[in-house]
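# Coordinate analysis (summary)
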Amino acid sequence: MKNLEELVRPNILALEPYSSARNEYSGKEARVFLDANENPYNGPFNRYPDPLQTELKTRLAQVKGVSPEQIFLGNGSDEAIDLAYRCFTRPGIDNVVAIEPTYGMYRVCADINDVEYRPVNLDEHFQMSADKMLEACDEKTKIVWICSPNNPTGNHIGQEEIIKVLQQFHGIVVLDEAYADFSRRPSFRLALQHFPNLIVMQTFSKAWGCAAIRLGMAFASKEIVDIYNKVKYPYNVNLLTQQHAMRALDDMESIEQWINLLLEERSIVMRAVQALPYCQQVFPTDANFFLTRVDDAQRVYNYLVDQGIIVRNRTRVQLCHNCLRITIGTKEENSTLIGALRRFV
Ligand SMILES: *Cc1c(COP(=O)(O)O)cnc(C)c1O
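These remarks concern the structure in this document. (Residues numbered from 1 in each chain as written. Predicted model: local features only at pLDDT ≥ 70, side-chain atom pairs only at ≥ 80, totals over all residues. Heavy atoms only, no water.)

## A short note on the site of the ligand
Here is the rule: Near, as used in this document, describes a residue that has one of its heavy atoms within 4 Å of the molecule or strand being considered. In the analysis that follows, any N or O atom pair within 3.5 Å is treated as a polar contact, provided that within protein one partner can donate a hydrogen and the other can accept it, and provided that, for residues neighboring in sequence, both atoms belong to side chains. Reported accessibility uses the Shrake-Rupley method at a 1.4 Å probe radius. Residues are deemed covered only where the shown protein chains occlude them. Polar here means any residue outside two lists: the nonpolar Ala, Val, Leu, Ile, Met, Phe, Trp, Tyr, Cys and Pro, and the charged Asp, Glu, Lys and Arg; Gly therefore counts as polar.
Near the ligand, the surroundings consist of 14 residues, among which D176, Y179, T203, K206 and R214 are the closest. With respect to the ligand, the backbone of S77 contributes an N or O atom lying 2.7 Å from an oxygen atom. Contact with the protein chains hides 94% of the accessible area of the ligand, taken as 390 Å² for the molecule alone. Across the shell around the ligand, the residue classes break down as 5 nonpolar, 5 polar and 4 charged.

Written as structure tokens, this is what we have:
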């Protein structure tokens, strides 16, 4: 890996970050707050929230087995994705390399930041070749994007290939583990000490059932997290979100139960779809959704929409011709879907 100073955009390296009222006093016991032009009435919503979410990170650090300084929290993983571009890539100059197909936001954020996006196709088993990824990199490649379990394919990317990229690429490797809670594989966040160029992203939006509160996590070295914190909006995670996340962390049993239920339901739905006469293939998955190839994805999709059932039509995505991505819902929702699919002609 190159020195972090060589990878960070020069203007970001030199940036003097905004210093909020709440940043400046921190540390001392205080009882009268007349520093932030807040209204003294209407507590607790009158006060600006903790810009670094200290209490939440302390709690999360225990659950995730990392230290609080290795955690960045953002307005969804989407903020953490966009910040990777804003911290490390120079618009109009640098490029990023990503597996293809994958989550669409990596490309959208590249386009927004005027950064060249270099997709590298997965193989027919939706696996990544580290050599192909490394071949696509040059001196101007700042970030490699890997998503595992991958969206929309559902499968894990091979661990040895990920490690090879981590060891041989000189820039930042982002590993998006939005669906890690559904898999029994250990998360790469537990290997952060070995890979100073690694950013692992996870989210409250999927297994944790909190998509509405918009809370994403990035785990990385303290040095990388410090750069993220310099660039983010001062109060990027609001008080309601921080409070609700604390409540979710107090009820980890519910999350475990949801995961087990969804995994059971997943095998039922996958078996039912596999048995459909117009189903060509059901792809293996490590997430709370799966990809299936059918004879005519557009027709099945339109038919389901007519029945009030929405799945994701991925037929126009690389390597996903005639594929539908199906999320696992409640028992009732899943049997509604299966019933409808069985009546399709
Ligand atoms: C759903 C998803 C996310 C979650 O994004 P949030 O902004 O945290 O809701 C991130 N990455 C991938 C691959 C996803 O599928």
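Continuing now.
## Describing the sheet that holds strand 2 (residues 95-100)
For clarity, the threshold we go by: When DSSP finds two or more bridges between two strands, those strands count as paired. Labels follow the DSSP assignment, with helices taken as runs of H or I lasting at least four residues and strands as runs of E lasting at least two, numbered in each case from the N terminus. Fitted lines through C-alpha atoms give the axes, limited to the stretch in contact for helices. The angle between two N-to-C directions lies from 0 to 180 degrees. Pairs of residues are marked as contacts when any of their non-hydrogen atoms sit within 4.5 Å.
The 7 strands are arranged 1-7-6-5-4-2-3 in an open sheet whose pairing can be described as mixed. Each edge of the open sheet is held by one strand with a lone partner, namely strand 1 (71-74) and strand 3 (116-121). In this sheet, adjacent strand axes meet at a mean angle of 20° when their direction is disregarded. When strand 2 meets strand 4 (residues 141-147), the two strands line up parallel, connected through 4 bridges. Residue N95 lies in a different strand from strand 4, and its bridge partner there is T141. Running over the sheet, helix 5 (residues 76-88) touches strand 1, strand 2, strand 3, strand 4, strand 5 (172-176), strand 6 (198-203) and strand 7 (216-219) and is turned about 160° from strand 4. Each of strand 2, strand 3, strand 4 and strand 5 touches helix 6 (residues 105-112); the most contacted strand, strand 3, lies at about 155° to it.

## Regarding the pattern of salt bridges
Opposite charge on two side chains lets them pair, provided their charged atoms get close. Note the threshold: What counts as a salt bridge is simple: a side-chain nitrogen of Lys or Arg found within 4 Å of a carboxyl oxygen of Asp or Glu. Between buried and exposed lies partly exposed: a residue is buried under 20% and exposed over 50% of the maximum accessible area for its type, with that area taken using a 1.4 Å probe on protein chains only.
Enumeration over the complete set of coordinates arrives at 12 salt bridges. With a shortest N-O distance of 2.6 Å, R47 and E38 are connected by a salt bridge. Classification of R47 as partly exposed rests on a relative accessible area of 28%. Exposure remark for E38: the relative accessible area of 16% places this residue in the buried category. Between D94 and K142 there is a salt bridge, and its shortest N-O distance comes to 3.1 Å. Separated by 48 residues along the polypeptide, D94 in the loop between helix 5 and strand 2 and K142 in strand 4 bring together distant segments of the chain. Side by side, D94 and K142 carry an identical accessibility label, which is buried. A single salt-bridge network, built from bridges that share partners, covers R90, D94 and K142.

## Focus on the sheet that holds strand 8 (residues 279-282)
Pairing in this open sheet of 4 strands is antiparallel, and the strands run 8-9-11-10 from one edge to the other. This sheet does not close on itself; its edge strands, each paired only once, are strand 8 and strand 10 (312-313). By the bridge criterion, 5 bridges tie strand 9 (residues 289-294) to strand 11 (residues 323-327) in an arrangement that is antiparallel. Note on strand 11: the bridge partner recorded for T292 is L324.

## A word on the nonpolar core
Let me state the cut-off plainly: Only buried Ala, Val, Leu, Ile, Met, Phe, Trp, Tyr and Cys residues count toward a nonpolar core, and they belong to the same one when joined by side-chain atoms within 4.5 Å.
Ranked by size, the top nonpolar core spans 89 residues in total, and within it Y85, F88, W145, I199, F204 and Y228 carry the most contacts. Among the elements that line this core, the one with the most residues is helix 5, at 7 residues. Not counting chain neighbours up to four residues away, the residues in contact with Y85 comprise R9, V96, Y106, C109, A110, N113, V115, Y117, I143 and W145.

## Side note on the side chain of S205
With respect to the secondary-structure elements, S205 resides in the loop between strand 6 and strand 7. Under the relative-accessibility criterion, S205 is labelled buried at 15%. Here the side chain of S205 touches R214 through a polar contact of 3.4 Å, side chain to side chain. With near-sequence residues (within four places) excluded, S205 lies in contact with C210, A211 and R214.

## Let's talk about helix 13 (residues 331-343)
Cut-off, in case you're wondering: Every helix has an expected span of 1.5 Å times one less than the residues it contains. Working definition: the arc comes from the directions between the helix axis and the C-beta atoms, pointing outward to the latter.
In this model helix 13 runs 19 Å from its N-terminal to its C-terminal C-alpha over 13 residues, within 8% of the 18 Å that 1.5 Å per residue would give. Of the positions making up helix 13, those classed as buried are N334, L337, I338, A340 and L341. Seen end-on, helix 13 carries its buried residues on one side only, within an arc spanning 165°. Counted as exposed and oriented over 90 degrees from the buried face of helix 13: E332, R342 and R343. In this structure, the buried side of helix 13 is in contact with helix 11 (252-274), helix 12 (297-306) and strand 11.

## Observations regarding the packing of helix 4 (residues 54-64) against helix 10 (residues 239-249)
As a reminder, the rule being used: Here the word oblique covers every angle except those under 35 degrees (roughly parallel), over 145 (roughly antiparallel) and from 65 to 115 (roughly perpendicular). Two helices cross in a left-handed way if the nearer one is turned anticlockwise from the farther one by less than a right angle. They cross in a right-handed way if the turn is clockwise.
Axis separation between helix 4 and helix 10 bottoms out at 10 Å; the angle between their running directions is 25°. Here helix 4 is positioned roughly parallel relative to helix 10, judged by the angle of their axes. Crossing geometry of helix 4 relative to helix 10 is assigned as left-handed. For the pair helix 4 and helix 10, contact is made by E55, L56, R59, L60 and V63 and by Q242, A245, M246 and L249, respectively. In terms of residue class, the contact of helix 4 with helix 10 is built from 6 nonpolar, 1 polar and 2 charged.

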